[in-house]
Amino acid sequence: EIFVGEDLLVANRDILEAGMLVEVMAKADRRDGEIKLFTNSLSSLDVRPEKRIVKGLELRLRTATLDALDMLEKTLAEIRNVPSKTMGYVEIVAPIGPGREASWRLPDKIGTESSIQKALKATKIIETITEIAA
């Protein structure tokens, strides 16, 4: 663990997202017999963070039962109209037998932000979500 002061955290919140590469400059101190790291500065290692464009999401399902597909359809219908800065297509990948998968792209677009991805993942029918880059 590393300690990041509130001022530094607020100033760099935009680069502190899951999956982002961040360079941390820190000071190591020994306190109470342990080494503690205190952040001096943070910087993004993403060369062009403003150019990171997600064209779509691949949703890999755990199972392709009718119940699972019905739950997926209901979830997608609920989030379809959620306001979003970025919209993308949805590609579904589902197991259909030993060593076999089916995939298809849905006609509608949905938001691709991490909050929407978390809502999708919360259904427990989705194994993984992969962002499809531009």
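Presented here is an overview of the structure given in this document. The model shown is predicted, which means the values in this text are computed figures rather than measured ones.

Criteria and thresholds
Residues numbered from 1 in each chain as written. Predicted model: local features only at pLDDT ≥ 70, side-chain atom pairs only at ≥ 80, totals over all residues. Heavy atoms only, no water. Pairing = 2+ DSSP bridges. Helix = DSSP H or I, 4+ residues; strand = E, 2+ residues; numbered from the N terminus. Axes fitted to C-alpha atoms, helices over the stretch in contact; angles between N-to-C directions. Contact = heavy atoms within 4.5 Å. Buried < 20%, exposed > 50% of the residue type's maximum accessible area, 1.4 Å probe, protein only. Polar contact = N/O pair within 3.5 Å; in protein donor to acceptor, adjacent residues only side chain to side chain. Expected span 1.5 Å × (residues − 1). Arc of directions from axis to C-beta.

Moving on, we get to the sheet that holds strand β4 (residues 87-97). Each strand in a sheet pairs with its neighbour through backbone hydrogen bonds, running either in the same direction (parallel) or in the opposite one (antiparallel). What the four strands build is an open sheet, ordered β5-β4-β3-β6; its pairing is mixed. Each edge of the open sheet carries a strand with a single partner, namely β5 (100-111) and β6 (126-133). Mean inter-strand twist for the sheet, computed between neighbouring axes without regard to direction, equals 20 degrees. Two strands pair when backbone bridges link them, and strand β3 (residues 54-61) and β6 are joined in this way by seven bridges, in the antiparallel orientation. Bridging across to β6, G56 finds its partner in I132. In the packing of helix α3 (residues 114-121) onto the sheet, contacts are made with β3, β5 and β6, and the angle to β6 comes to roughly 155 degrees.

Moving on, we get to the side chain of Q117. Examined against the element boundaries, Q117 turns out to sit in helix α3. With a relative accessible area of 13%, Q117 lands in the buried category. Polar side-chain contacts of Q117 include one of 2.9 Å to the side chain of E131. The residues touching Q117, leaving out its near neighbours within four places in the chain, are L57, T112, I129 and E131.

The next subject is helix α2 (residues 66-79). With 14 residues, α2 ought to run about 20 Å at 1.5 Å a step, and its terminal C-alpha atoms sit 20 Å apart, in line with that. The complete set of buried residues in α2 reads A68, L72, T75, L76 and I79. Buried residues of α2 fall within an arc of 95 degrees about the axis and therefore sit on the same side. In α2, those exposed residues whose orientation departs by more than 90 degrees from the buried face are L66, D67, E73, K74 and E78.

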